[in-house]
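Chain and residue survey
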Amino acid sequence: MLTRKQKELLVLIRDRLAAEGVPPSFDEMKDALGLKSKSGIHRLITGLEERGFIKRLPHRARALEIIRMPDGGDAKATKSSARKTKVPANIPDMAAIAVAQSISLPLYGRIAAGTPIEALRDPDTHVDVPAGLLASGRGRSAPNEHYALEISGDSMIDAGIMDGDRVIIRKCDTAENGAIVVALVEGHEATLKYLEKRGNQVALVPANKNYQTKLYPPDHVEVQGRLVGLVRHY
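Residues numbered from 1 in each chain as written. Predicted model: local features only at pLDDT ≥ 70, side-chain atom pairs only at ≥ 80, totals over all residues. Heavy atoms only, no water.

Observations concerning the overall build of the protein
When its secondary structure is counted, the protein shows 4 helices and 13 strands. Buried residues in the protein amount to 45% of all 234 residues. Working note: accessible area of the protein is about 12,400 Å², and carbon and sulfur atoms make up 49% of it. (Helix = DSSP H or I, 4+ residues; strand = E, 2+ residues; numbered from the N terminus. Buried < 20%, exposed > 50% of the residue type's maximum accessible area, 1.4 Å probe, protein only. Areas by Shrake-Rupley, 256 points an atom, 1.4 Å probe, with all protein chains shown as cover.)

The following block contains the structure:
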């Protein structure tokens with residue numbers, strides 16, 4: 001009933017849910033399956049949903065539920081088997097993190113996830129976030145290395161980032177290819193996008209087919225932070 005790629009994706013999602021509590025991001029799915037674009041992941045997920053193997057959960061970032069596995073397989077992997085799937089976490093979801101304590105971060109206003117807008121910096125406004133959101137693959141980093149932004153727009157909706165969400169940003173001036181970053185464009189406008197290096201240009205790539213990728217000379221784009229977490233109010 002399933003293609004080989006559909007089954008591989010289904011197992012990947014099941015194992016990550018068991019190990020981390022959240023499914024992999026579309027970028028992680030693409031890399032794990034060796035696909036060239038996220039459009040292939042969209043088609044695979046749609047096919048799995050239409051066949052009744054998975055269900056998308058509304059109003060939650062990156063939320064998928066395994067309904068059943070082919071050939072009567074276990075829809076819930078054990079954690080020991082799930083550890084065999086080594087996919088780095090990209091955007092931790094608040095619901096999947098055990099909240100031991102909260103940390104207050106400065107909220108620097110609203111940032112466009114659509115057309116770039118001027119980033120507001122209001123250090124007098126703070127937001128409390130779960131301490132676990134500051135953890136990274138190299139261990140927990142200091143609160144003063146982070147800040148929060150409120151999302152305005154829908155250009156990152158396919159990455160599970162919606163209008164009104166608050167994202168947690170770790171300060172940095174460089175990021176790996178494909179990371180979601182806060183980019184300062186031409187010295188005065190900030191936006192949240194995927195960062196890609198294309199030849200001698202820098203591409204700021206949206207996660208919404210209704211928006212266009214924009215290319216800039218490298219000296220016109222300054223990385224001001226990398227996305228490490230997301231907080232949503234219902």
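Quick look at the packing of helix α1 (residues 4-20) against helix α2 (residues 26-33)
Following both chains from N to C, one finds α1 and α2 inclined at 130 degrees, their axes separated by 11 Å at the closest point. Considered as vectors, α1 and α2 are oriented oblique to each other. The way α1 lies across α2 gives a crossing that is right-handed. In contact with Lys5, Glu8, Leu9, Leu12, Ile13 and Arg16 of α1, α2 contributes Glu28, Met29, Ala32 and Leu33. Its residues assigned to classes, the contact of α1 with α2 comprises 6 nonpolar, no polar and 4 charged. (Axes fitted to C-alpha atoms, helices over the stretch in contact; angles between N-to-C directions. Parallel < 35°, antiparallel > 145°, perpendicular 65-115°, else oblique. Left-handed = near helix turned anticlockwise from the far one by under 90°. Contact = heavy atoms within 4.5 Å. Nonpolar A, V, L, I, M, F, W, Y, C, P; charged D, E, K, R; others polar.)

Observations concerning unusual backbone geometry
Despite not being glycine, glutamate 186 has its phi angle at roughly 55 degrees, a positive value. Relative to the helices and strands, glutamate 186 is located in the loop between β9 (180-185) and β10 (189-198). Residue classification places glutamate 186 among the partly exposed residues on the basis of a relative accessible area of 45%.

Focus on helix α3 (residues 38-50)
Between its first and last C-alpha atoms α3 spans 18 Å; for 13 residues at 1.5 Å apiece the expected length is 18 Å, and the two agree. Gly40, Ile41, Leu44, Ile45, Gly47 and Leu48 are the residues of α3 that are buried. Seen along its axis, α3 keeps its buried residues to an arc of 160 degrees; they face one direction. Of the residues in α3, the exposed ones pointing more than 90 degrees away from the buried face are Arg43 and Glu50. Residues of α3 that are buried make contact with α1, α2, β1 (54-56) and β2 (64-66). Looking at the residues trailing α3, positive phi occurs at glycine 52, about 80 degrees. (Expected span 1.5 Å × (residues − 1). Arc of directions from axis to C-beta.)

Concerning the environment of lysine 214
Looking at the element boundaries, lysine 214 is found in strand β12 (residues 214-216). Along the primary structure lysine 214 and valine 202 are separated by 12 residues, whereas in three dimensions their C-alpha atoms are 8.3 Å apart.

Regarding the pattern of salt bridges
Counted according to the given criterion, the structure contains 10 salt bridges. The closest approach of N and O atoms between lysine 5 and glutamate 8, which form a salt bridge, is 3.8 Å. Here glutamate 8 and lysine 5 lie together in helix α1, a separation of 3 residues that amounts to about one turn. Of the residues examined, lysine 5 reaches a relative accessible area of 25% and is grouped as partly exposed. Salt-bridge contacts for glutamate 65 lead to lysine 55; the nearest nitrogen and oxygen are separated by 3.9 Å. Note that glutamate 65 is positioned in strand β2 and lysine 55 in strand β1, a separation of 10 residues in sequence. (Salt bridge = Lys/Arg side-chain N within 4 Å of Asp/Glu carboxyl O.)

Some words on the nonpolar core
Counting residues in each nonpolar core, the largest one holds 21 residues, and the members touching the most others are Leu149, Ile161, Val167, Ile169, Ile180, Val182 and Leu192. Elements with a minimum of two residues in this core: β3 (102-112), β7 (146-152), β8 (166-170), β9, β10, β11 (201-205) and β13 (221-231). Excluding residues that lie within four positions of it along the chain, isoleucine 169 makes contacts with Glu145, His146, Tyr147, Leu149, Val182, Leu192, Gly225, Arg226 and Leu227. (Core = buried A, V, L, I, M, F, W, Y, C linked by side-chain atoms within 4.5 Å.)

Let's talk about the packing of α2 against α3
Relative to each other, α2 and α3 sit at 95 degrees, their axes nearing to 9 Å. Overall, the two elements α2 and α3 adopt an arrangement that is roughly perpendicular. Residues Phe26, Asp27, Met29, Lys30 and Leu33 of α2 pack against Lys38, Ile41, His42, Leu44 and Ile45 of α3. Classifying every residue of the contact of α2 with α3 gives 6 nonpolar, 1 polar and 3 charged.

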